[in-house]
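Listed here are the chains, written in short residue letters.
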Amino acid sequence: MEPMEAQTVPFDYLTAFKRNLGFLSKVEQQKIRDSRVAVVGLGGTGGAQVHALARLGIGAFNLADPDAFDLVNFNRQIGATMNTIGRPKTAVMGELVRNINPEADIRLFNEGIHPDNIAQFLEDVDVIVDSLDFYCFKERFLLYRNARERGKWVLTSPPLGFGYTLLIFNPAGMSFEEYFGFNEDMDEFELSVSLIAGILPRLWMMRYLNQGGLDPAAHQLPSVGAAPFMIAGVITTEVMNLITLKQPALSVPNVIQFDALLRRYRKVRYRWGMRGPLQILKKLLLRRKLPRSSV
């Protein structure tokens, strides 16, 4: 049988995203079309999030990542294929968005974010998604500080085995530094302890984590492909909500955690962030469990 020729169909935004209507009104869909979302980190979670946001109909993106795709990314990164090995993640994800919405306005930041381009990265942005790797502490301090100064919301949802946590930072609420109990003078070990404490309300994934898959010294942690796609749906829903104001936003110190394998869900509020008595104890235990040479 002869392969069918691809049909050339003129793009029409209203037709492409018509099936959103019913759950979204025409006014809400137009707000989404008029919005710009910044995503920093285009690997597992970031790539899936960009894809889902494009399917929602977001009209403009700022995309930042300094890396290229490699074979080791295949288990979890939507942009990683045999055709994209060695190609910049920004270019690949920009093409993915344009193949869904040719009208999308896309600004690419091929060097990631740094002090010289952070203002440009946040320019005209409505919502920011933090999908940076675990150990990108310098970039996170830069991102959250500048976002707060500009009154921008930041969402992050780190993958945790077959699950995730969801943290949303309101520019008028508890700050990134306040929630995690961070300061930039901490060494990498102390920053890691505070970050783990803040993103792991319950150590559910430890029930099935094989310690042999950990290589913290090389900044490599295990990750499976199921989590980024769950996260993409959750983050896209929260971005939509911040744009349309359908529901009150749930920001830190409120945290949501879900594990699909264990079928566990929890919503918790840390009134003092990671500075509360129980969280200080939790960090003390983490310090004992994580050898300083391992992070």
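Analysis parameters
Residue numbers run consecutively from 1 along every chain, following the written order of its sequence. Per-residue local features are limited, in this predicted model, to residues with pLDDT of at least 70; the limit for side-chain atom pairs, both in listing and counting, is 80 or more; totals at the level of whole chains, interfaces and linings are taken over all residues. By convention in this description, side-chain values take in all heavy atoms of the structure and omit both hydrogens and water. Any residue with relative accessible area above 30% and no salt bridge may belong to a patch, with like charges joined within 9 Å and the nonpolar Val, Leu, Ile, Met, Phe, Trp and Tyr side chains within 5 Å. Only the protein chains shown count as cover for residues, with accessible areas throughout obtained via the Shrake-Rupley method and a probe of 1.4 Å. Put simply, a salt bridge is a Lys or Arg side-chain nitrogen that is within 4 Å of an Asp or Glu carboxyl oxygen. Runs of E in the DSSP output that reach at least two residues are strands. Runs of H or I that reach at least four are helices, and both are numbered from the N terminus. When a residue's accessible area, from a 1.4 Å probe over protein chains only, is under 20% of the maximum for its type it is buried; when over 50% it is exposed; and in between it is partly exposed. Whether two residues touch is decided by their heavy atoms; if any such pair falls within 4.5 Å, the residues are in contact. Each aromatic pair joins two rings of Phe, Tyr and Trp (for Trp, the six-membered one) with centres within 6.5 Å, and gets the label stacked for planes under 30 degrees apart, edge-to-face for over 60, and tilted for any other angle. Put simply, a charge is over a ring when the Lys NZ or the Arg CZ is close to the ring centre, within 6 Å, and near the line of the ring normal, within 35 degrees. Expected helix span is given by 1.5 Å per residue-to-residue step, counting one fewer step than there are residues. Following DSSP output, two strands are said to pair if at least two bridges run between them. Lines fitted to C-alpha atoms define the axes, with helix axes restricted to the stretch in contact, and inter-axis angles between N-to-C directions lie between 0 and 180 degrees. Any angle that falls under 35 degrees is termed roughly parallel, while one over 145 is termed roughly antiparallel, one within 65 to 115 roughly perpendicular, and all others oblique. In this scheme the handedness of a crossing depends on how the near helix is turned from the far one: anticlockwise by less than a right angle means left-handed, clockwise means right-handed.

Some details on a nonpolar patch on the surface
A grouping of L71, F74, M82 and I85 is seen on the molecular surface, where their side chains present a nonpolar patch of about 390 Å² in accessible area. If you trace the backbone, M82 turns up in the loop between strand 2 (60–64) and helix 4 (89–100). For M82, a relative accessible area of 62% translates into the label exposed.

Notes on the pattern of salt bridges
Evaluated as defined, the whole model comprises 8 salt bridges. With its nearest N and O atoms 3.0 Å apart, the salt bridge here joins R33 to E103. With a gap of 70 residues between them, R33 in helix 2 (residues 26–33) and E103 in the loop between helix 4 and strand 3 (105–109) connect regions that are remote in the sequence.

A few points about the side chain of T244
With respect to the helices and strands, T244 occurs in helix 9 (residues 226–244). When its relative accessible area of 8% is taken as the criterion, T244 is described as buried. Setting aside residues no more than four positions away along its own chain, T244 makes contact with E28 and I32.

Examining the packing of aromatic side chains
Using the criterion set out here, one finds 18 aromatic pairs in the structure. Consider the rings of F162 and Y208, whose centres lie 5.8 Å apart with planes at 55°: the pair is tilted. Here F162 is found in the loop between strand 5 (153–156) and strand 6 (163–169), whereas its partner Y208 is found in the loop between helix 8 (188–199) and helix 9, with 46 residues between them in sequence. In textbook terms, an aromatic cluster arises when at least three aromatic residues are bridged by ring pairs, as seen for F134, Y135, F137, F141, Y144, F169, F176, Y179, F180 and F182. Over the ring of Y13 we find R33; its NZ or CZ atom is 4.2 Å from the centre of that ring.

Focus on helix 9
An ideal rise of 1.5 Å per residue puts 27 Å on 19 residues; helix 9 measures up with 28 Å between its terminal C-alpha atoms. Of all 19 residues in helix 9, 14 are buried; the element is thus mostly enclosed. Once helix 9 ends, the next one or two residues include L245, with phi positive near 60°.

What about the sheet that holds strand 5?
Ordered in space as 3-2-1-4-5-6-7-8, the 8 strands form an open sheet in which the pairing is mixed. The open sheet terminates on both sides in strands that have one partner only, identified here as strand 3 and strand 8 (264–269). Pairs of neighbouring strands in the sheet enclose a mean axial angle of 15°, with direction left out of account. Of the strand pairs in this sheet, strand 1 (residues 36–40) and strand 2 are connected by 5 bridges, and their pairing is parallel. Paired with A38 across the two strands is N62, which belongs to strand 2.

Structural notes on the environment of A227
Looking at the secondary structure, you find A227 in helix 9. Residue contacts for A227: discarding those within four places in its chain leaves P159, G161 and G163.

Digging into the packing of helix 8 against helix 10 (residues 277–289)
It is the contact of helix 8 with helix 10, at a shortest axis distance of 9 Å, that shows an interaxial angle of 125°. In terms of their interaxial angle, helix 8 and helix 10 are classed as oblique. Crossing of helix 8 against helix 10: the hand is right-handed. From helix 8, F189, E190, V193, S194, I196 and A197 reach across to helix 10, where they touch Q279, K282, K283, L286 and R287.

Re unusual backbone geometry
In this structure, P253 follows V252 across a cis peptide bond, with omega equal to 20°. Here P253 is to be found in the loop between helix 9 and strand 7 (254–259). Within the chain, L245 stands out as a residue other than glycine whose phi angle is a positive 60°. Secondary-structure assignment places L245 in the loop between helix 9 and strand 7.

By themselves, these are just geometric observations and shouldn't be taken as functional.
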